[in-house]
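# Summary of the model geometry
Residues per chain, in single letters:
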Amino acid sequence: MTDMLYLSPEEIEALSMRVLQKHGLGVDHAAAITEVVLAGQRDDCQSHGVYRILSCVQTIRKGKVNLAARPVLQDGAGAIVRVDADMGFSPLAFQLGVDPLADRARRYGLGALVIQRCVHFSALWPEIEALTDRELVALALTPSHAWVAPAGGRRPTLGTNPIAFGWPRDGKDPYVFDFATSAIARGDLELHRRSGQPLPAGCGVDAQGRPTTDPLDVMAGAMLTFGGHKGSALSTMVELMAGALIGDWLSSESLDYDEGAGASPCHGELILAFDPAMFGDPLQASARAESLFEAIESQGARLPSQRRYAARARSREQGIAVPRAMYQDILALASEA
């Protein structure tokens, strides 16, 4: 028996909607969440695919998300758009704010979407691609829970604090990267824990600050940033830009709110969009970008997200691969009395 099932998008969508609605979410929230977890699984992003259905249900069970949340758009003057997520899951709040954000970018050259009071679990690249699809350059930042020690420290102080960027390309998949500033994403750590597999070296320390590859020891101690002091500085920037600057929680405050529940983080998010046509000649900008990408690829190097785009193409041909054990865990949630 193979360890993988190959499902259609419709099968995953139906299962996700069934589980999320069964556990109390309305159709609009369930649909917005389903869209991002389906995209993650389709692109073989296992840590941000259907696995996140489990974390959403955990968050619901622990009472750390507002099931009746109604995101509110605060669409005032200027380049900044705000959405209050009302302590609900973030995808619906982003859907509400993305078009006004794009409008601001085209009107002023750049726009900022501030999402506040959101429960956040998803990858950032679906949001980035929503903007590159609109021919905008995009940058997104968000804190998480304080799971990560700063360079030179051993106490969890920073979040995994992802940064994502996208550049639209004419007739090609956009240039997109999305990575945690920790040495490994929290979701990947959780998948190592589920499978009993050791972590790569350099991902974390135990409660005494000793290096370890045991996921459980890292969860009791601290994750580490990538690149030592450089990753630590970038992670701190995310705390400042997508926490302090926008008037929302730092990762430490999100973890305090969690109170040991093991729920998804609760905080804000900052998404910036730039219209190349307002900064200069967009054709010249595109030509320069393409010459850079060609220089990278011509020497055998890979652009970010190329593996993800290849997985997307495979999923269209073969169906979307889902680990059988994961599928059974999700199916059990749909069958609960």
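Okay, so let's go over this structure. (Residues numbered from 1 in each chain as written. Predicted model: local features only at pLDDT ≥ 70, side-chain atom pairs only at ≥ 80, totals over all residues. Heavy atoms only, no water.)

## Details of the packing of aromatic side chains
Throughout the structure, instances matching the rule amount to nine aromatic pairs. Judged by centre distance (6.4 Å) and plane angle (70°), the ring pair of Phe165 and Tyr175 falls under edge-to-face. Residue Phe165 is found in strand β7 (residues 163-169), and its partner Tyr175 is found in strand β8 (residues 172-179); the two are separated by ten residues along the sequence. Judged by centre distance (5.0 Å) and plane angle (10°), the ring pair of Tyr175 and Phe293 falls under stacked. Remark: Phe293 occurs in helix α11 (residues 282-297) and Tyr175 occurs in strand β8; sequence separation between them is 118 residues. The exposure class of Tyr175 is buried, given its relative accessible area of 17%. Positioned over the ring face of Trp147 is Arg186, at 4.1 Å from the centre of the ring. The residue whose ring lies beneath Arg308 is Trp125, and the NZ or CZ to ring-centre distance is 3.9 Å. (Phe/Tyr/Trp six-rings, centres within 6.5 Å; stacked < 30°, edge-to-face > 60°. Helix = DSSP H or I, 4+ residues; strand = E, 2+ residues; numbered from the N terminus. Buried < 20%, exposed > 50% of the residue type's maximum accessible area, 1.4 Å probe, protein only. Lys NZ or Arg CZ within 6 Å of the ring centre and 35° of its normal.)

## Considerations on the packing of helix α1 (residues 9-22) against helix α2 (residues 27-42)
Orientation of α1 relative to α2, taken along the N-to-C sense of each, is 140°, at an axis distance of 9 Å. By the angle between their directions, the pair α1 and α2 is classed as oblique. When you trace α1 past α2, the crossing you get is right-handed. Between α1, through Pro9, Ile12, Glu13, Ser16, Met17, Leu20 and Gln21, and α2, the contact on the second element is made entirely by Val27, Ala30, Ala31, Ile33, Thr34, Val37, Leu38 and Gln41. Per-class residue counts for the contact of α1 with α2 are ten nonpolar, four polar and one charged. (Axes fitted to C-alpha atoms, helices over the stretch in contact; angles between N-to-C directions. Parallel < 35°, antiparallel > 145°, perpendicular 65-115°, else oblique. Left-handed = near helix turned anticlockwise from the far one by under 90°. Contact = heavy atoms within 4.5 Å. Nonpolar A, V, L, I, M, F, W, Y, C, P; charged D, E, K, R; others polar.)

## Some remarks on α1
For α1, with 14 residues, the first-to-last C-alpha span of 20 Å sits near the 20 Å given by 1.5 Å per residue. Next to the buried residues of α1 lie β1 (4-7), α2, α3 (51-61), β13 (320-323) and α13 (324-335). A positive phi of about 110° marks Gly24, the residue just after α1. (Expected span 1.5 Å × (residues − 1).)

## A few points about the pairing of strand β3 (residues 80-89)
Most of β3 is tucked away: seven of the ten residues are buried. Summarising the sheet, strand β2 (residues 72-74) and β3 pair through three bridges and their orientation is antiparallel. Note on β3: the bridge partner recorded for Val72 is Asp84. Two successive antiparallel strands, β2 and β3, enclose a turn made up of five residues, where Gly78 displays a positive phi of approximately 90°. Note that the unit made of β3, helix α4 (residues 90-108) and strand β4 (residues 110-119) has a crossover that is right-handed. (Pairing = 2+ DSSP bridges. Right-handed = clockwise from strand over helix to strand, strands pointing away.)

## Observations concerning the packing of α4 against helix α5 (residues 125-132)
Packed helices, taken two at a time, are described by the angle their axes make and the gap between the axes. The geometry of α4 relative to α5 is characterised by a closest axis approach of 11 Å and an angle of 30° between their N-to-C directions. Taken together, the axis directions place α4 and α5 in an arrangement best described as roughly parallel. The handedness of the crossing between α4 and α5 is right-handed. Contacts between α4 and α5 pair Phe94, Val98 and Leu101 from the former with Glu127, Ala130 and Leu131 from the latter. Along the lines of polarity and charge, the residues of the contact of α4 with α5 split into five nonpolar, no polar and one charged.

## What to know about the sheet that holds strand β9 (residues 204-205)
Pairing within the open sheet is mixed, and its four strands lie in the order β6-β11-β9-β10. The sheet is open, and its two borders are formed by β6 (148-149) and β10 (211-212), each paired with just one other strand. Strand direction decides the pairing type here: β9 and strand β11 (residues 222-224), joined by two bridges, are antiparallel. Counted as the bridge partner of Gly204 is Met223 from β11.

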